[in-house]
Each structure stands twice: as C-alpha cells, then as structure tokens.
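Letter by letter, the chains look like this.
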Number of protein chains: 2
Amino acid sequence: MPAHIYTAFDEELKYLMRRISEMGGLAEQMVAESVRALVNSDAALAQKVISDDTIMDAAERDVGDKAIVTIAKRQPMAADLREIIGALRIASDLERVGDMGKNNAKRVMAVQGTGVPRKLARGIEHLSELALTQLKEVLDVYTTRSAEKAKSIRDRDEEIDAMYTSLFREMLTYMMEDPRNITTCTHLLFCAKNIERVGDHATNIAETIYYMTTGAQPEGERPKDDTTTAVGVVE
Amino acid sequence: MPAHIYTAFDEELKYLMRRISEMGGLAEQMVAESVRALVNSDAALAQKVISDDTIMDAAERDVGDKAIVTIAKRQPMAADLREIIGALRIASDLERVGDMGKNNAKRVMAVQGTGVPRKLARGIEHLSELALTQLKEVLDVYTTRSAEKAKSIRDRDEEIDAMYTSLFREMLTYMMEDPRNITTCTHLLFCAKNIERVGDHATNIAETIYYMTTGAQPEGERPKDDTTTAVGVVE
C-alpha cells in the first residue's frame, strides 16, 4: 500500500484489501469444494457451493460501491488511484473464479448417474490443485506487492494448460470408447475448462498487481492460451 | 453523458465513448466472422479474427490508461465518476467478447477435417444471431442511456439460453450416434458455449449501463444462468 498522510484513506484502502482477501479465500474454497463434490457425487456440498455464490456477488458489489465512494471522497492520484482501480479488477476476477466453482457444482447432479471415472477424477483433482496453488500464490503477492513475483506467476500458466490439454484428450478417448460416457464426459470437459479458467483469472490478477505496483502493463505475449482448440487438427 | 462545465473533460468522456463504440463494433465483427469461418471452414478468415484480437487488447489498455488519467486529472464525482468506471467495465466485457470470437476461430482448423454438420451449423448461426442482436442493442443503449431499456435487455437472456440448451442436446445426440463426430462436436460445444457467453457479456454491459445511469444495481436475480449444467440429470 503506498504511503501517504490521510489516515481515514488508509483505513479505506485496508478495508478494500481485507475484502479482497476474504473474496480470495472464498473463491479458493468454492473451487476446491466443487471438485470434491464432483468427485464424490456430493449433492449437499454442491448445493453449499452454489449458495456461496450469492456471498461472492454481494462482496464484489460492496468492493465496487466502496471503491467509488473512496475515489469520489479522497480524489486519489497515481499509485493510490491504481490501488483502488486494481481492487475493482481483482474483485471482478475473484467473483468469476467463484462462478467457475458454482458452474462445476451445478454439474454434480448430471454426472451422479454414472459417477466420475477414477482416472478422470484424479486428473481433475490434479488440475485444480495446480490452479488453486497459482491462485493462492497470486493472493499472497497481493499482500506483499512484489512486481517481480507477479510477473513470474503470470509467466507460469503453461503448466496448467499442458495438463488441461492432456485431460481433454483423455476425455475424448473415454467418449469414443463408450458412447454411454458422452454426457458425463461432456460435463467433465466443461469442469476442466472451468478450472483452467481459474488459472487464467490468477494470471489476470498477477497482471493487475504488476500494474498496481509499477503503473505499467507487463510486457510480452500473455501465456494464458488454451491449446485444446487445436486438438483434432490433422497434422 | 452527464452535463457539466468542463469542456476538456467532456472531450475526454467523448473519447472514451468513441473507443467503447469502436470496441463494440470490432467485438461484434469478430464473433460474426468466427462463426462464418467455422461454418465455411475458412482458415484465412479465422486467422484474421485471431489477429484482430491484438487490436482489441490494445483498445482495452488504451481505455484503461485514459480512464485513469482522466480520473486523476479531473477528480470527477458521482455521475461523471460512474461514467468512467463504467467505461472500464464495458471495455473489459467487450475485450472478452473478442476473446470468444478468437477462441471460436482457433477451433476452425480442428473441425476442418470433418466439416460442421449442416443442422449444427444452422443452430450455431442462429444462436450467434441472437447473441449479436443482444450485443448490438446493448451498445445502442450505451449511446442513448436508457436505464429502462438496459433493464429490459438484461431480463431477456433466457431466449439465448434456451436455444443453447437445445443445441447442446443435439450435439450430444450427434456424438452418441457416431463416435467419429466426437472431436468435432466437442469443439462445437465449446463454440456454442462461447456464443452463449457473448449473451452473458451483453447482460453485464446492460447492468453496467443501468448502474452508470442510476447509480444503483438492477434488482432481482440475474437471468444469465446456463441450464445445460442439468442435461443428463435423472428426473
């Protein structure tokens, strides 16, 4: 947090930071629980994740309202202003991470009939561990404000992407082997995509932190591309 | 645009509005062209959409930079501040609409081998017409600033959703009928989902316009839920 002399303003920035941290914790939890619900066909846990989403939405609105009031009241410049605009952006990314958890949770009932094949369940769990580690790290960087670390997280999304692509191929294989797997695997494909998008949002947040800290956008192409779009291309 | 006495500030707001309109036009075009490329297996058009995405990204950064400078320099209050924060949000939604077009375009090569079955092509075209109509209307409302109209667009996402769900079921059927359709249909499922998300972004923009105009969030549950999550649920 940049240094300045208005204590009331400090309090307002701290409030935004605290809300962002809370949203981050809830977003992680929603994604982790959605995967657990999916793998264990736990409808009650899925329902909890779905209802947690209203808490997320309310938190994002609160951050938005407070940010606007703070800008209007304090008329901050430069780093202070970036701090507030950054909070708005991060709140929006975290709200969407929560949406990913909610969307996974809503698919629990649809895969309950067949259950999730063990090997695919392992793959989804592993993918979500990777994505959640990245989200956790980026939320830590939000507290410490290391531009260097933000940039290194941003450059590391490839690992998630490679794992997502291999899982994507595996799911296609399951579907081809037995048409009875098609409905379940289609839902799992979307779940895997949701989790891959959690990694994208972590990348967005890393870019926002870099911007908040330095006032600049990180250079170089964003590494967050989904390469499954090429699966099936005749080579 | 709210009335006030600073002409230079007016110019800056007009600049943001013009940029948003340009981004809106490009976003529409990218999605429409991506669908055309998909249906006609047109790799060159797909490549154009993919490279248009860098224009979108640059436009979003420009809106972000100008918005921050304007806030810092003019220290606007209330409606003027909401105007600028709203522009930031809308630019972010439009950039993501462009991403949806890009993601569709990247799947063109993967479905080229089998081509897109005629009936599914029709379905995707129809879905994208609906979503693009909604996007166009919401961009018109951005110019006219009718809170009432913004609210009515927001409440109309169900039609897109119903069509998406029926297309989703149809694609599952194609896959079940012939495993050779699985790879292509999986890509088409993601394309349909991308288009459905264009409708979600239009809904977001409608909410932002309502907020810019009234200072309040529209009441009532958001209607933008994806109901395909329940396909396969045993009833």
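Residues numbered from 1 in each chain as written. Chains lettered and ligands numbered in written order. Predicted model: local features only at pLDDT ≥ 70, side-chain atom pairs only at ≥ 80, totals over all residues. Heavy atoms only, no water.

Under the annotation held in an unreviewed UniProt entry, chain A carries the name Phosphate-specific transport system accessory protein PhoU and is attributed to Rhizobium oryziradicis. UniProt, in its Subcellular location (unreviewed entry) section for chain A, records the words "Cytoplasm". (UniProt positions renumbered as here; feature names shortened; annotations may be inferred.)

Across its full length, chain A holds eight helices and zero strands. The order of α-helices and β-strands along chain A, N terminus first, is α-α-α-α-α-α-α-α. Against the globule reference of 18 Å for 235 residues, chain A gives a C-alpha radius of gyration of 19 Å, in line with a compact fold. Based on the C-alpha atoms only, the size of chain A along its principal axes is roughly 65 × 45 × 20 Å. Looking at chain A residue by residue over its 235 residues, the buried ones come to 59%. (Helix = DSSP H or I, 4+ residues; strand = E, 2+ residues; numbered from the N terminus. Rg over C-alpha atoms; globule rule 2.2 N^0.38 Å. Buried < 20%, exposed > 50% of the residue type's maximum accessible area, 1.4 Å probe, protein only.)

To continue, consider the interface of chain B and chain A. Listed per partner, the contact involves 41 residues of chain B and 41 residues of chain A. Where chain B abuts chain A, roughly 4000 Å² becomes buried across the two surfaces, and 63% of that area is made up of carbon and sulfur atoms. When the buried area of chain B at its contact with chain A is split by residue, B:Ile68, B:Phe190 and B:Thr229 rank highest and sum to 15% of it. Counting across the interface, chain B meets chain A through zero salt bridges. At the boundary of chain B and chain A, one finds three residue pairs in polar contact (both at pLDDT 80 or more). (Contact = heavy atoms within 4.5 Å. Buried area = accessible area lost by both parts, 1.4 Å probe. Salt bridge = Lys/Arg side-chain N within 4 Å of Asp/Glu carboxyl O. Polar contact = N/O pair within 3.5 Å; in protein donor to acceptor, adjacent residues only side chain to side chain.)

With an RMSD of 0.0 Å, chain B superimposes on chain A once it is rotated by 180 degrees and translated 0.0 Å along the axis. Taken together, the turn and the small shift mark the pair as related by a two-fold rotation axis. When C-alpha positions in chain B are compared against the rotation axis, the closest is assigned to B:Gln75, at 2.8 Å. Comparing interface residues between copies, 100% of those in chain B also sit at the interface in chain A, which points to an isologous, same-surface contact. (Least-squares fit on C-alpha atoms with pLDDT ≥ 70 in both.)

All names here are of chain A. The interhelical angle for the contact between helix α3 (residues 78–106) and helix α5 (residues 118–144), taken along N-to-C directions, is 160 degrees, at an axis separation of 13 Å. Taken as axis vectors, α3 and α5 run roughly antiparallel relative to one another. The element α3 and its partner α5 pack so that their crossing is left-handed. Where α3 approaches α5, its residues Ala 87, Ile 90, Leu 94 and Val 97 are matched on the opposing element by Leu 135, Leu 139 and Tyr 142. Of the residues belonging to the contact of α3 with α5, the class tally is seven nonpolar, no polar and no charged. (Axes fitted to C-alpha atoms, helices over the stretch in contact; angles between N-to-C directions. Parallel < 35°, antiparallel > 145°, perpendicular 65-115°, else oblique. Left-handed = near helix turned anticlockwise from the far one by under 90°. Nonpolar A, V, L, I, M, F, W, Y, C, P; charged D, E, K, R; others polar.)

Okay, helix α2 (residues 43–74) of chain A next. All names here are of chain A. Spanning 32 residues, α2 covers 47 Å between terminal C-alpha atoms, matching the ideal 46 Å at 1.5 Å per step. Its side-chain oxygen placed 3.2 Å from the backbone nitrogen of Ala 44, Asp 42 serves as the N-cap of α2. Taken from the residues just after α2, Gln 75 is the one with a positive phi, measuring 45 degrees. (Expected span 1.5 Å × (residues − 1).)

Turning our attention to the side chain of A:Asp53. All names here are of chain A. Considering the arrangement of structural elements, one finds Asp 53 in helix α2. Given a relative accessible area of 2%, Asp 53 falls into the buried group. If sequence neighbours within four positions are ignored, Asp 53 has contacts with Met 30, Gly 98, Asp 99 and Lys 102.

Another aspect to go through is the packing of aromatic side chains. Across all of its chains, the model carries five aromatic pairs over all chains by this definition. Here A:Phe168 and B:Phe190 contribute two aromatic rings whose centre-to-centre distance is 6.1 Å and whose plane-to-plane angle is 35 degrees, an arrangement assigned as tilted. With one member in each of two chains, A:Phe168 in helix α7 (residues 158–177) and B:Phe190 in helix α8 (residues 182–214) form a pair that bridges those chains. Under the relative-accessibility criterion, A:Phe168 is labelled buried at 1%. Put simply, the rings of A:Tyr164, A:Phe168, A:Phe190, B:Tyr164, B:Phe168 and B:Phe190 touch in pairs and so form one group of aromatic residues. Sitting over the face of the ring of A:Tyr142, A:Arg145 holds its NZ or CZ atom 4.5 Å from the ring centroid. In this arrangement the basic side chain of B:Arg89 is found over the ring face of B:Tyr211, its NZ or CZ atom lying 4.8 Å from the centre. (Phe/Tyr/Trp six-rings, centres within 6.5 Å; stacked < 30°, edge-to-face > 60°. Lys NZ or Arg CZ within 6 Å of the ring centre and 35° of its normal.)

Those residues carrying the UniProt feature "domain: PhoU" (unreviewed entry) are residues 20–108 and 124–208 of chain A in this numbering. Helix makes up 92% of residues 20–108 of chain A and strand 0%. Its end C-alpha atoms lie 28 Å apart.

Each pair of packed helices gets described by two things: the angle between the helix axes and the distance between those axes. At a minimum axis distance of 9 Å, the contact between helix α3 (residues 78–106) of chain B and α8(B) shows a crossing angle of 175 degrees. On the basis of their axis angle, the class for α3(B) and α8(B) is roughly antiparallel.

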